[in-house]
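# Close look at the chain arrangement
These are the residues of each chain, in order.
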Amino acid sequence: MKINEIFYSLQGEGHFTGTPAVFVRFSGCNLKCSFCDTSHESFTEMSVDDIMREVAKYPARHVVITGGEPSLQLTPELTGRLHAAGKYVQIETNGTHPLPGGCRIDWVTCSPKGAPVALRHIDELKVVFMSAGQDMSPYDGFTASVYSLQPCDTGDPSANARILSDAIAYCLAHPKWHLSLQTHKMINVR
């Protein structure tokens, strides 16, 4: 598998914010989002055994499978081995591909990026919020346990302040949504 990096940190966004987690970042993505803030192109070829050895170096039970787009490479062998090791497996996906058959995932965070979503089950819908005029109607048909609205980080402090203010107003007007901040950036951790 093409692995961009494996590291240990706190989950910085979404439902599990603040949870210690091992992040397994797969390389590559099928989308090219202009606002993507993750460099995931480089990689090291790793076997499931290699990945498991790296994950075992850290004390956390929570493992986040992320990318890029992890559904392009994820295997039932990897998720099975993680569960056999007592891990709780979360995936962060754009949802454009179904999860490979046989992959048992404990928590599916889907962050659609304007492309059709192919997932049948979503635990958390996490939408990147760009502006007060953003059309949120495409998300009306989704069923999830948690609806997270995440202000887009543009790199421009004044634009970010406006987007955050608009996201807060949207959450207040639509209380099924909760605000998801990228706390890892705020506290300067990975």
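The preceding data block contains the structure.
Structure report, in brief.

## Points about the environment of T183
Within the secondary structure, T183 is located in helix α4 (residues 183-186). When the C-alpha positions of T183 and G12 are compared, they lie 4.9 Å apart, and in sequence the two are 171 residues distant.

## Side note on the side chain of S180
Tracing the backbone through its elements, the reader meets S180 in the loop between β9 (177-179) and α4. Filtering out sequence-adjacent residues up to four positions away, S180 remains in contact with E13, G14, K126, S148, L149, Q150 and P151.

## Structural notes on helix α2 (residues 76-84)
Residues of α2 that are buried include every one of L78, T79, L82 and H83, and no others. For α2, the angular spread of buried residues about the axis comes to 130 degrees, placing them on one side. Here the buried face of α2 lies against β2 (20-26), α1 (48-55), β4 (62-66) and β5 (88-93). Within two residues after α2, G86 carries a phi angle of roughly 85 degrees, on the positive side.

## Section: the packing of α1 against α2
Direction vectors running N to C along α1 and α2 enclose 30 degrees, while the axes themselves pass 10 Å from each other. At the point where α1 passes α2, the crossing takes the right-handed sense. Seen from α1, the contacting residues are V48, D49, I51, M52 and V55; seen from α2, they are E77, L78, R81 and L82.

So, how was this worked out
All residue numbers here refer to positions counted from 1 along the written sequence of the relevant chain. At least 70 in pLDDT is required for a residue's local features to be given in this predicted model, at least 80 for side-chain atom pairs to be given and counted, and no such filter applies to totals for whole chains, interfaces and linings, which use all residues. To get the side-chain values, all heavy atoms of the structure are used, and hydrogens and water are removed first. Numbered from the N terminus, helices here are DSSP runs of H or I no shorter than four residues, and strands are runs of E no shorter than two. Contacts: residue pairs with any heavy atoms within 4.5 Å of one another. Between buried and exposed lies partly exposed: a residue is buried under 20% and exposed over 50% of the maximum accessible area for its type, with that area taken using a 1.4 Å probe on protein chains only. This arc is built from the directions going out from the helix axis to the C-beta atoms. Where helices are involved, their axes are fitted lines through C-alpha atoms of the stretch in contact, as for all axes, and angles between N-to-C directions lie from 0 to 180°. The crossing is said to be left-handed when, going from far helix to near helix, the turn is anticlockwise and less than a right angle, and right-handed when the turn is clockwise.

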